[in-house]
There are 4 protein chains.
Amino acid sequence: MSNNSIQAPPPDVVRSAYAELIVTDLAASRRFYVDVLGLVVTYEDDDAIYLRAFEEYLHHCLVLRRGPVAALGRLAYRVRSADEVDAAEMFYRELGVRTERVPAGAERGIGEAVRIEDPLGFPIEFFYAADHVERFTQRYDLHGAGAIARLDHFNLVVPSVPEARKYYESLGFKVSEDIQDSDSTVYAAWMYRKSTVHDVALTGGDGPRLHHIAFATQEAHQLMHICDHLGAVRQSDRIERGPGRHGVSNAFYLYLRDPDGHRIEIYTHDYYTGDPDNPTITWDVHDNQRRDWWGNAVVPSWYSEASPVLDLDRRPRPITERAEAREADVTIGADGFSYTRAGDALAGGGPVGFKLGEQV
Amino acid sequence: MSNNSIQAPPPDVVRSAYAELIVTDLAASRRFYVDVLGLVVTYEDDDAIYLRAFEEYLHHCLVLRRGPVAALGRLAYRVRSADEVDAAEMFYRELGVRTERVPAGAERGIGEAVRIEDPLGFPIEFFYAADHVERFTQRYDLHGAGAIARLDHFNLVVPSVPEARKYYESLGFKVSEDIQDSDSTVYAAWMYRKSTVHDVALTGGDGPRLHHIAFATQEAHQLMHICDHLGAVRQSDRIERGPGRHGVSNAFYLYLRDPDGHRIEIYTHDYYTGDPDNPTITWDVHDNQRRDWWGNAVVPSWYSEASPVLDLDRRPRPITERAEAREADVTIGADGFSYTRAGDALAGGGPVGFKLGEQV
Amino acid sequence: MSNNSIQAPPPDVVRSAYAELIVTDLAASRRFYVDVLGLVVTYEDDDAIYLRAFEEYLHHCLVLRRGPVAALGRLAYRVRSADEVDAAEMFYRELGVRTERVPAGAERGIGEAVRIEDPLGFPIEFFYAADHVERFTQRYDLHGAGAIARLDHFNLVVPSVPEARKYYESLGFKVSEDIQDSDSTVYAAWMYRKSTVHDVALTGGDGPRLHHIAFATQEAHQLMHICDHLGAVRQSDRIERGPGRHGVSNAFYLYLRDPDGHRIEIYTHDYYTGDPDNPTITWDVHDNQRRDWWGNAVVPSWYSEASPVLDLDRRPRPITERAEAREADVTIGADGFSYTRAGDALAGGGPVGFKLGEQV
Amino acid sequence: MSNNSIQAPPPDVVRSAYAELIVTDLAASRRFYVDVLGLVVTYEDDDAIYLRAFEEYLHHCLVLRRGPVAALGRLAYRVRSADEVDAAEMFYRELGVRTERVPAGAERGIGEAVRIEDPLGFPIEFFYAADHVERFTQRYDLHGAGAIARLDHFNLVVPSVPEARKYYESLGFKVSEDIQDSDSTVYAAWMYRKSTVHDVALTGGDGPRLHHIAFATQEAHQLMHICDHLGAVRQSDRIERGPGRHGVSNAFYLYLRDPDGHRIEIYTHDYYTGDPDNPTITWDVHDNQRRDWWGNAVVPSWYSEASPVLDLDRRPRPITERAEAREADVTIGADGFSYTRAGDALAGGGPVGFKLGEQV
């Protein structure tokens, strides 16, 4: 991928806006997303459910669409105006990737849009116009104990984080935080347009795959209620990792797996990044507090599993293996190490600094 | 142990009241209990630190005493009156265990007391009189973000839970919850005098050892701040397990290890047990939500490690191995199993129902 | 009232257990107690609704019964055993007040009981046996964002607090806190059997009347959600006072008025009082932080309004005027004063220490 | 003020960035802002204290400067680049208001800047460059129980809200919410650059005066701890209004008065406004939930009192009386009215819908 000759300006992206997930059992998905997570149904029929969170006024932030194989159907970024949809089309045509203009209503509730297969292999939509629906910010009569406020971000698995970062920088995204090692291998990066820690995170691994989509709550107790609720309905095995405090982003987090295995993060309390000189934070991949500030273990599935993505013809995209070192390999087990205190890493021979009691 | 011929009534125990922990580095302990946990220093000198929590008005709930080997020095139960101290002495003399009457001030801030080596092998004190100090309930100027309200309970490792339970029942304790299997092997029991889930928990294992002592906060966010604080001072490896929601007790929990390895639980939101017919809840040892309602894994050290206890001459007590099945063995790994949904356990051959991604 | 010659011991009261409120519009009451407060319906028919909170396993803690005039029908204390019901009957017969033995089921879900018109003029029931129902402690799938854990206490308006206190002391209740002035006029007292700040509070005023009944939540955010919910359904005018932090009890509080004007408190985070020497706290009636630790004003209706009470024949009890000084009179307005800092009260001529901006 | 002939583009404002308050007793102010609010001291000397919140990395968000009369010294907006400082200078020169270019360090920690007397009479600074200091986001060892995350907004008292709104719209601010009556009299407006409900609020009244500056916490419990802390140090009379939930903005709020009477808001949980079509919400001035979603009364001082502002020569600006109707007059007392339910306003003759018990 070379952007050198690109003349067209990138579209002005406002934020990550909605995801379409292909699910194999719509009723099972509804029990998870509506009955447990409490997302608001804007519209549903036999083929799809359109959901939004309590503080959102666009038609949806999540579409669950029935399909034969669980996969990511599409990620959508909102752009600043209708003209920016045109800008997106020109930008990607010039970039030489597949683009497809779709009329208003091609996706229910969404206006005219352009869909692309991006250079990283993801099916992406850019749109501006969307139906407005009632914003339930103060409909506290409808808020459950685990009320979700809004979609926050997407997390993508890509073989090369630097390459993906360069692509997203060309779209005007900035890096808030990343994870590297002393050889400058980059394991992950967090990039934003809106003034939060990220709209998109790039996680090094075999890709393109969708690592997760994340929803924000107002307070941490709401996130924890979701765990309690899952326990009550005997679905605690949907809790993959957390709750915990991220090192990166400082957010309080929880990772769930939906009935098809799609990973959903519940997330709250990252920080404001809207100033132009917002400092980038680089974490050492061996710092055991980078992924969990409390040093709690990252379960192996979190590193290895992710959702396949479809192309614009709804066929699964082939997966490219990551060529660089993998975070799980360099931090866990016989060949990897993590430390709680940087100085400790210098001591001794074998792996050091694992949490007490966590050694396998 | 036979209580059949005991004539003397047991002392009227009010609640678990204080613990004395022998620590090897008083300054390191102070950094943990005062600087991180924020306990209030009632008195300190070169040999000991006396601590209390913000809602307590007795002289201390925890004594840290310098000694050569980390161990439990003593656990103390408060009885309802001075007469009950006499009652305790008579009860234990008749029981035939070693008893020792100590004058007021034998422990700073504590009145006349009787100390015993109880039938389970633990060094126990019964006292009524104690110095009153200022109760800092509303000294919010002193409360940190992780303010601890009061001592809640002790947790003891004993080889035979039924035997230990029988002993504590003879002292008038009642069982709120326990963990059993279908063969009626008992793995743990929770017993109370005050109207919470427990003053003492009995955990099956090699004993006598102290599993942990627990402190209560008012709200869950205070517990989580302790984790955040430990992360900030790069001591997240003091976090052994949690935070999480217990199945048993419903409490929100966190397990820490102090600089000597003594385990401290932070605990909040169990339930009222003060009615005479409070129902006992029995959990299946294979229920994966019994120890963590969210199904998160119990780390191996939590099952295996505990503090030695001293006798009245300050010599370590010998350890008796548990003869019955061990909870870790029957629930984890090749020979054990856990389920999230009871029905799932019936299916298939091998272990079932482990959390997604947690399989080793 | 003279207890001097009483020989019969008082019944061993465990705690405040349930209230029966007479309401004029059962459907309106249901919308408040079930739809907003989220109490669990154990049973309902055209005449009554039986409600419990999420951590309760007795049949009900509140009965809403349709009647012609809004009033308190009955308050019930649970005693420690069936024998204590007999003890209650003997105690009150000897006391010379009206008593009435009722068979099991006289109130749905409640066993054999004795009902009395107590010396203060209140209709009181003592019972032990009650139907057990499912305890919804961990039914987080049913807990709303404002989930109520349990009934906490009753608050009674009585003309003479010292007389009422003496009566409740004869029943074995102890005083945790009270409000007095420098002339030893007592304005209110908080008394307990279970190990919280109170099972019953005595508020000086024209009585007998019911000031309020109180329910406990686990955390403060649950209490605040109830306010948010009332705002969402445009019933914020049911919020009479608060939310705030009490000086007395340290609890976080909220006062609501139900559709008939019955006052309901939501309450959380008082402190443990179970030790035999729990210190009594006396507050100066002029201390502006006694009723609200944050110094926020007590609305006049909170002082003056309360529910009438019925006798055992369901006739309204006559009201006796308070003869002593009234708290509202001595603390508010031209003839009263309050201070934030005790020293400030000595300064100047007129009222001092009112909150900035609160002067009328 | 006529903007018709303005050619120069407005500076690209990022957000409200810092305030300078003139205080008469620096030690007293320090006790409030540092000891109670817990703001971090970046620098202090005998004349000034520079403070920042825990998630901020610029040198300060608040300067307390010793002076003879309590007043607002300056409000500062950050612009997107150094060029935008030049843009600001040109814009205001063309506008014909007084401007003053100041070199880097004219205010400690701040780079080259332009200061103006804006058309509304406020002393405003525009800057881009500023010293970076350590961001204490994860310094949880330093976070108190009432930790403040960042400055959120300014609130200005202006005689004409429409005029002030027009001016701020010319600077590129957008309106998130406002309060009007059926005659289109505007009582207040909330305007933003960053993607929150506001960077500046305009409150109708005698002006120019500073109504308040606001700081954001992460969670509501942190805000409430500030109240508890003030109670503990017997300064609850610094609490002017709240805590409560705003109708406008949905934020949880608290208003304090510093030792000089400057009003400080603590604020949390408004909503994302960063999309270009963020809907504007207009509230009826008679809606009793507009200023407090729970219908709690606004104290009179909150409407009437505010801080004077200085001009660039540090002389107090003259005050212009509001000519239009005042919110307090039209909503409270004999000539005003408020309703909880819109339909209720139609009924009856006199004021309706006041909260039960709140009638004076």
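Residues numbered from 1 in each chain as written. Chains lettered and ligands numbered in written order. Predicted model: local features only at pLDDT ≥ 70, side-chain atom pairs only at ≥ 80, totals over all residues. Heavy atoms only, no water.

## A look at the overall build of chain A
Here comes step 1: The helix and strand tally for chain A stands at 6 helices and 18 strands.
Here comes step 2: For 360 residues, the compact-globule formula gives about 21 Å, and the C-alpha radius of gyration of chain A, at 20 Å, lands near that figure.
Here comes step 3: Buried residues in chain A amount to 65% of all 360 residues.
Here comes step 4: Across chain A, the fraction of contacts at a sequence separation of at least 24, relative to all contacts at a separation of at least 6, is 68%.
Here comes step 5: Looking at chain A as shown, the accessible area adds up to about 11,700 Å², and 49% of this sits on carbon and sulfur atoms.
Here comes step 6: Seen as two clouds, the 38 positive and the 56 negative side-chain charges of chain A have centres 2 Å apart. (Helix = DSSP H or I, 4+ residues; strand = E, 2+ residues; numbered from the N terminus. Rg over C-alpha atoms; globule rule 2.2 N^0.38 Å. Buried < 20%, exposed > 50% of the residue type's maximum accessible area, 1.4 Å probe, protein only. Contact = heavy atoms within 4.5 Å. Areas by Shrake-Rupley, 256 points an atom, 1.4 Å probe, with all protein chains shown as cover. Lys, Arg positive; Asp, Glu negative; His and termini not counted. Charge placed at Lys NZ, Arg CZ, Asp CG, Glu CD.)

## Quick word on the pairing of strand β14 (residues 239-245) of chain A
Here comes step 1: Of all the 7 residues making up β14 of chain A, 7 are buried; the element is thus mostly covered by neighbouring parts of the structure.
Here comes step 2: The loop that links β14 of chain A with its antiparallel partner strand β15 (residues 252-257) of chain A comprises 6 residues; one of these, S249 of chain A, has a positive phi angle of about 85 degrees. (Pairing = 2+ DSSP bridges.)

## Re the interface of chain A and chain B
Here comes step 1: Tallying the contact residues gives 36 residues for chain A and 36 residues for chain B.
Here comes step 2: Summed over both partners, the interface of chain A with chain B comes to about 3,000 Å²; 49% of that surface belongs to carbon and sulfur atoms.
Here comes step 3: There are 20 residue pairs in polar contact (both at pLDDT 80 or more) connecting chain A and chain B.
Here comes step 4: Those elements that place two or more of their residues in the side of chain A that touches chain B are α4 (220-232), β14, β15 and α5 (300-304) of chain A.
Here comes step 5: Examining the composition of the side of chain A that touches chain B, we find that 7 residues originate from one element, α4 of chain A, more than from any other.
Here comes step 6: For the side of chain A that touches chain B, the class distribution of residues is 15 nonpolar, 10 polar and 11 charged. (Buried area = accessible area lost by both parts, 1.4 Å probe. Polar contact = N/O pair within 3.5 Å; in protein donor to acceptor, adjacent residues only side chain to side chain. Nonpolar A, V, L, I, M, F, W, Y, C, P; charged D, E, K, R; others polar.)

## Thoughts on helix α4 (residues 220-232) of chain B
Here comes step 1: Taking 1.5 Å of rise per residue, 13 residues should cover 18 Å, and α4 of chain B covers 19 Å from first to last C-alpha, within 8% of that figure.
Here comes step 2: Two residues or fewer after α4 of chain B comes R234 of chain B, characterised by a positive phi angle close to 55 degrees. (Expected span 1.5 Å × (residues − 1).)

## Regarding the relation of the copies chain A and chain B
Here comes step 1: Least-squares fitting of chain A to chain B yields an RMSD of 0.0 Å, with the transformation described by 0.0 Å of translation along the axis and a rotation of 180 degrees. Here the two chains are linked by the operation of a two-fold rotation axis.
Here comes step 2: Of the residues that chain A buries at the interface, 100% are likewise interface residues in chain B, meaning the two copies contact each other through the same surface. (Least-squares fit on C-alpha atoms with pLDDT ≥ 70 in both.)

## Considering the sheet that holds strand β7 (residues 113-117) of chain C
Residue and element names in this part refer to chain C.
Here comes step 1: What the 8 strands build is an open sheet, ordered β2-β3-β4-β1-β5-β8-β7-β6; its pairing is mixed. Single-partner strands in this sheet number two, and they are β2 (40-44) and β6 (99-102). Each neighbouring strand pair of the sheet contributes to a mean axis angle of 20 degrees, computed without reference to strand direction.
Here comes step 2: In this structure, strand β5 (residues 71-79) lies alongside strand β8 (residues 123-127), joined through 4 bridges in parallel fashion. The partner of R78 across the bridge, within β8, is F127. (Axes fitted to C-alpha atoms, helices over the stretch in contact; angles between N-to-C directions.)

## Some remarks on unusual backbone geometry
Most peptide bonds take the trans form, and the phi angle of most residues other than glycine is negative.
Residue and element names in this part refer to chain B.
Here comes step 1: P208 follows G207 through a cis peptide bond whose omega is 10 degrees.
Here comes step 2: In this fold, P208 is placed in the loop between β12 (200-204) and β13 (209-216).
Here comes step 3: Not every positive phi belongs to a glycine, and N250 is a case in point at roughly 65 degrees.
Here comes step 4: For N250, the location among the structural elements is in the loop between β14 (239-245) and β15 (252-257).
Here comes step 5: Residue N250 is classed as buried on the basis of its relative accessible area, which comes to 2%.

## Let's talk about the side chain of Q222 of chain D
Residues and elements named next belong to chain D.
Here comes step 1: Its location among the elements puts Q222 in helix α4 (residues 220-232).
Here comes step 2: Of the polar contacts made by the side chain of Q222, one reaches the backbone nitrogen of Q218; its length is 3.1 Å.
Here comes step 3: The contacts of Q222, once residues within four sequence positions are left out, are A145, G146, A147 and T217.

## Focus on the interface of chain D and chain B
Here comes step 1: Contacts between chain D and chain B engage 13 residues on the former and 13 residues on the latter.
Here comes step 2: A buried area of about 970 Å², summed over both sides, lies between chain D and chain B, and 67% of it is on carbon and sulfur atoms.
Here comes step 3: Summed over the shared surface of chain D and chain B, the number is 0 salt bridges.
Here comes step 4: Inspection of the region where chain D meets chain B yields 3 residue pairs in polar contact (both at pLDDT 80 or more).
Here comes step 5: For the side of chain D that touches chain B, a count of residues per class yields 4 nonpolar, 6 polar and 3 charged. (Salt bridge = Lys/Arg side-chain N within 4 Å of Asp/Glu carboxyl O.)

## Some remarks on the pattern of salt bridges
Here comes step 1: On inspection of all chains with the given rule, the structure shows 160 salt bridges over all chains.
Here comes step 2: Note that R30 of chain B is salt-bridged to E44 of chain B, the shortest N-O span being 2.7 Å. In this pair, R30 of chain B is assigned in helix α1 (residues 26-36) and E44 of chain B in strand β2 (residues 40-44), connecting sequence segments 14 residues apart.
Here comes step 3: Between E240 of chain D and R257 of chain D there is a salt bridge; the shortest N-O distance is 2.7 Å. In this pair, E240 of chain D sits in strand β14 (residues 239-245) while R257 of chain D sits in strand β15 (residues 252-257), placing the two residues 17 residues apart along the sequence.

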